[in-house]
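# Structure assessment
Here is how the chains run, residue by residue.
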Amino acid sequence: MKHVIIGNGVAGLTAAETIRRMDPDSELTLISDETFLPYCRPMISHLLEGAVPAEKLPIRGKNVYAQNRIEPVLGARATTLDVDRRVVTTADGKTHAYDRLLLACGADPRQIDAQGRDLENIFFMRTVQQVRQMLAVLPEVGHALVLGGGLVGFKAAYSLLRRGIAVTMLIRSGYPLSMQVDETAGRMIQAVLQANGLTVRTGASVEAFEGNGRVRMAHLSDGTRVSCDMAVIGKGVFPAHGFVPADRIHTDAGILVDDNMQTSVSGVYAAGDIAEHMDIARQRSWVNAIWPEAVSQGRVAGMNMAGEIVSYRGSLSRNVIRVFDTDVMTAGRVSPRDIDETCRQFSARDLRRNIYRKLVFSDNILVGFAMINDIEQGGALTALIQSRRPVEVEPERLMEPGFNIGRLMAR
Amino acid sequence: MKQVIVHPERCVGCMQCMLACAAAHSKTGSLFTAIAETPKPRPRIHVGAGLYDEGFPNRCRHCDPAPCQMACLPGAIYRHSRTNTVLIDPDVCINCASCAMACPYGVIRYHADPLAPAGKTVAVKCDNCVARQHRGQIPACVEICKVGALTFEERDRAMKRRTEEVARSATADAAPPEQAPGFSLLHTVKKARTEINLAR
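Calculation criteria
Residues numbered from 1 in each chain as written. Chains lettered and ligands numbered in written order. Predicted model: local features only at pLDDT ≥ 70, side-chain atom pairs only at ≥ 80, totals over all residues. Heavy atoms only, no water. Pairing = 2+ DSSP bridges. Helix = DSSP H or I, 4+ residues; strand = E, 2+ residues; numbered from the N terminus. Axes fitted to C-alpha atoms, helices over the stretch in contact; angles between N-to-C directions. Patch = residues over 30% accessible without salt bridge, like charges linked within 9 Å, V, L, I, M, F, W, Y side chains within 5 Å. Areas by Shrake-Rupley, 256 points an atom, 1.4 Å probe, with all protein chains shown as cover. Salt bridge = Lys/Arg side-chain N within 4 Å of Asp/Glu carboxyl O. Buried < 20%, exposed > 50% of the residue type's maximum accessible area, 1.4 Å probe, protein only. Phe/Tyr/Trp six-rings, centres within 6.5 Å; stacked < 30°, edge-to-face > 60°. Lys NZ or Arg CZ within 6 Å of the ring centre and 35° of its normal. Domains from an automatic or database assignment. Contact = heavy atoms within 4.5 Å. Buried area = accessible area lost by both parts, 1.4 Å probe.

## Considering the sheet that holds strand β6 (residues 95-97) of chain A
Residue and element names in this part refer to chain A.
- As summarised here, the arrangement of the 3 strands in space is β4-β5-β6, forming an open sheet in which the pairing is antiparallel. Looking along the sheet, the strands with just one partner apiece sit at the ends: β4 (78-82) and β6. Strand-to-strand, the axes of this sheet are offset by a mean angle of 20°, without reference to chain direction.
- Bridge count between strand β5 (residues 87-90) and β6: 3 bridges; the pairing is antiparallel. Counted as the bridge partner of Thr 89 is Thr 95 from β6.

## Points about a nonpolar patch on the surface
Residues and elements named next belong to chain B.
- Together, Leu 19, Leu 31, Phe 32 and Ile 35 make up an exposed nonpolar region whose accessible area comes to about 480 Å².
- Note that Phe 32 resides in helix α2 (residues 31-34).
- A residue is classified by how much of its surface remains accessible, and Phe 32, at 73% relative accessible area, is exposed.

## Section: the packing of aromatic side chains
Residues and elements named next belong to chain A.
- Following the criterion strictly, the structure yields 3 aromatic pairs over all chains and no others.
- Geometrically, the ring pair formed by Phe 36 and Tyr 39 is edge-to-face, given 5.3 Å between the ring centres and 90° between the ring planes.
- Given the relative accessible area of 5%, Tyr 39 is considered buried.
- Look at Phe 346 and Phe 361: their rings are 5.7 Å apart centre to centre, the planes differ by 90°, and that puts the pair in the edge-to-face class. In this pair, Phe 346 sits in strand β24 (residues 343-350) while Phe 361 sits in strand β25 (residues 355-362), placing the two residues 15 residues apart along the sequence. Both residues of the pair, Phe 346 and Phe 361, count as buried.
- The ring of Trp 286 has Arg 282 lying over it, and the distance from NZ or CZ to the ring centre is 4.0 Å.
- One residue, Arg 344, lies across the ring of Phe 361, its end atom 5.5 Å from the ring centre.

## Digging into the domain arrangement of chain A
Residues and elements named next belong to chain A.
- Segmentation of chain A into domains returns domain 1 (2-108 + 238-305), domain 2 (122-233) and domain 3 (319-408).
- Each of domain 2 and domain 3 has a C-alpha centre, and the two are 29 Å apart.
- The interface is formed by 19 residues belonging to domain 2 together with 18 residues belonging to domain 3.
- The junction of domain 2 with domain 3 conceals about 1700 Å² of combined surface from both sides, 72% of it contributed by carbon and sulfur atoms.
- The three residues of domain 2 that bury the most area against domain 3 are Tyr 158, Asp 182 and Met 188, which together make up 30% of that side's buried surface.

Structure below.
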């Protein structure tokens, strides 16, 4: 059996290790355009912040490929896939035949349409390489512009602020993290960042960058200008399935997979940021491009590829962020765009301790929550969403300071 | 392999396990000296209040596979196979709280710890007292528990006992439960008190 995996992110690597554990004799090839050892992508913002050195990013040792008898094909992006001949071609023209294929190619940052986009010091924040380039120019940066108030923009802004750089954040919607939280939580987070030096501009986007080789100024859609000597684009990502034959492998936003992480073509699997499966809270097909789901999807895909038939339970959007002294945790449906008339919403706020709680129910099933500070019990609520178990306890009891899972147990 | 088994129905909420745990994970190892230490030793077992204020001893289950281990970004969480214990390496932990989001039991806390690098806030949770076990002692919470809410035994043995209890209670001439009557009385009183307060 010859397994080929495209992508050495955590989904691809987890699948490779799972296959190797269950099937010691098969051939394993791992193709990736990134040449750095498999690393922890969410930690690149910690690298930008200076909280961790680059040596801490790899999630496995230097001999990870040899140890698992994986043949690495690095520095070459997959360019074509022929599902009839079962062959992958890479940018260097080489071909790789497979019996079973895993698409774990992840996602690429969304490009923006602005004049002067090709000036220097305008970055995406997706790979360790991009963050290293940012670090190289940081000494000459006094003021940075961050495009987008989503998770990437948010982490970039926080990391740069921690470096003592003045940051202006441009948000199209009214408040940061509008995809993750409700307005109350969004405003609380914004207040924390502003108290620590962030300038927030809402409702404006960049029309053009200006500079002599390097970016010096951004012209905004509202006619104003912002001077900056660095810009970070955090306008979201899209699954990198451009090379996949869409007439054969069914795609939506991501590549559609069944419960065994198999695509519409037998023998071809997908996992991680590229895969689209059932969202537990939304009860519909959804791409949840987050680290823990990439791990579980890689694991399930690997087992199935090795011949052990197991099912994936579905994914759940969730995130946790610590900024300055404030912790934010969210899961499932909280943003107004995910709420409909069938939802019951509960919230509690303690101004003195700067704590906020928001719960969203569909009937008596918990489908989402947002927490600001005191987040230790967030995992219990996450598990409650994932279980889809009807909640018998009054919702207010789940928001009390002393909440613990003992309260969910019938006695 | 012996493990700590929790019997929440026997817990009276005295919190002595928390004190013993904090002392066992202090620099000096003794309660009398531990209270003067900086950082202050904190417990890794947490007695919470249930819906009727009954005690609920909550500690790490050392799940396998462990969701916290799979979610850990820097790879600080690992399994100590000899004692089947999920451990966190404080040197590697980056305090990102990814494990807080993953733990279905809510047993991980974040603070400076006597056993972590000085001044560093890290994720802290039950370590099954691996150091004590190495010295031939049993976990501190079990040693101190006066009511049998925490026991250290083979899981299979505890499961078998439980199965037999259920089987006995399901027969026609069901024997009275072995548990001392004081526990159910205590729980009834607590429940009644909560309900009276709610009615007001």
